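Observations on the three-dimensional arrangement
Spelled out, the chains give:
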Amino acid sequence: CIRDSLQTLYSLECACVPEASGIYWVLRPEGMPIRFTEQAYNTSAKLYPVEMLSRKYRDCIDQEILYIGKADGKKGLRQRLKQYMNYGWNRATNHKGGRAIWQIEDAGLLLLAFEECEDAEAREKQLLADYKAKSGSYPLANWRG
């Protein structure tokens, strides 16, 4: 399942994702243009202004990594990613983190990768700190580390 599209994982209900703690990344496929929309994707979502997202993305040095998230709940990555997908496809309201992803046109074509790890919170903090040190900001859909 590493580097499957969001649409594929959603249609499979994340069946191939382990129920273990871990980290996940939403990634831009090579060559995919990133364009933002103000069309509501979830009725509970507060949309970001397109100009703000465009500016933040333009300022990202690494434009492949769009979001870094953690999953450390009882059913780990599978449960968290199902929540994320259901939120993006307007079937749930319980995962607002990384919501800027869903304002990307054709967001279902974005890729998702994950890694299992014992301490997802510490690993996420490390990855975000490394990204910020390299880029001067967080990935597009991350707002804090």
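Everything numeric here is computed off the predicted structure, so don't read it as measured data.

Here we come to the pattern of salt bridges. On inspection of all chains with the given rule, the structure shows 7 salt bridges. Between D62 and K134 there is a salt bridge whose closest N-O contact spans 3.6 Å. Here D62 is found in the loop between helix 2 (50–59) and strand 3 (65–71), whereas its partner K134 is found in helix 4 (residues 120–135), with 72 residues between them in sequence. Shared partners join several salt bridges into a network, and the residues in it are E51, R55 and R58.

Before going further, it helps to examine a negative patch on the surface. Together, D72, E118, D119 and E121 make up a negatively charged patch on the protein surface. With respect to the helices, strands and loops of the structure, E121 is situated in helix 4.

A few words now on the packing of aromatic side chains. Under the counting rule described, the total for this entry stands at 9 aromatic pairs. Where Y24 meets Y67, the ring centres are 5.9 Å apart and the plane angle is 65 degrees; that geometry is what we call edge-to-face. With a gap of 43 residues between them, Y24 in strand 2 (residues 22–27) and Y67 in strand 3 connect regions that are remote in the sequence. Residues Y24 and Y67 agree in their burial class; the two are buried. For the ring pair Y24 and Y84, a centre distance of 6.0 Å and an interplane angle of 55 degrees mean the geometry is tilted. Placement of Y24 in strand 2 and of Y84 in helix 3 (residues 76–88) is noted, with a sequence separation of 60 residues between them. An identical accessibility class is assigned to Y24 and Y84; each is buried. Among the aromatic residues, those joined into a cluster by ring pairs are Y10, Y24, Y67, Y84, W89 and W102.

Criteria and cut-off values
Residues numbered from 1 in each chain as written. Predicted model: local features only at pLDDT ≥ 70, side-chain atom pairs only at ≥ 80, totals over all residues. Heavy atoms only, no water. Salt bridge = Lys/Arg side-chain N within 4 Å of Asp/Glu carboxyl O. Helix = DSSP H or I, 4+ residues; strand = E, 2+ residues; numbered from the N terminus. Patch = residues over 30% accessible without salt bridge, like charges linked within 9 Å, V, L, I, M, F, W, Y side chains within 5 Å. Areas by Shrake-Rupley, 256 points an atom, 1.4 Å probe, with all protein chains shown as cover. Lys, Arg positive; Asp, Glu negative; His and termini not counted. Charge placed at Lys NZ, Arg CZ, Asp CG, Glu CD. Phe/Tyr/Trp six-rings, centres within 6.5 Å; stacked < 30°, edge-to-face > 60°. Buried < 20%, exposed > 50% of the residue type's maximum accessible area, 1.4 Å probe, protein only.

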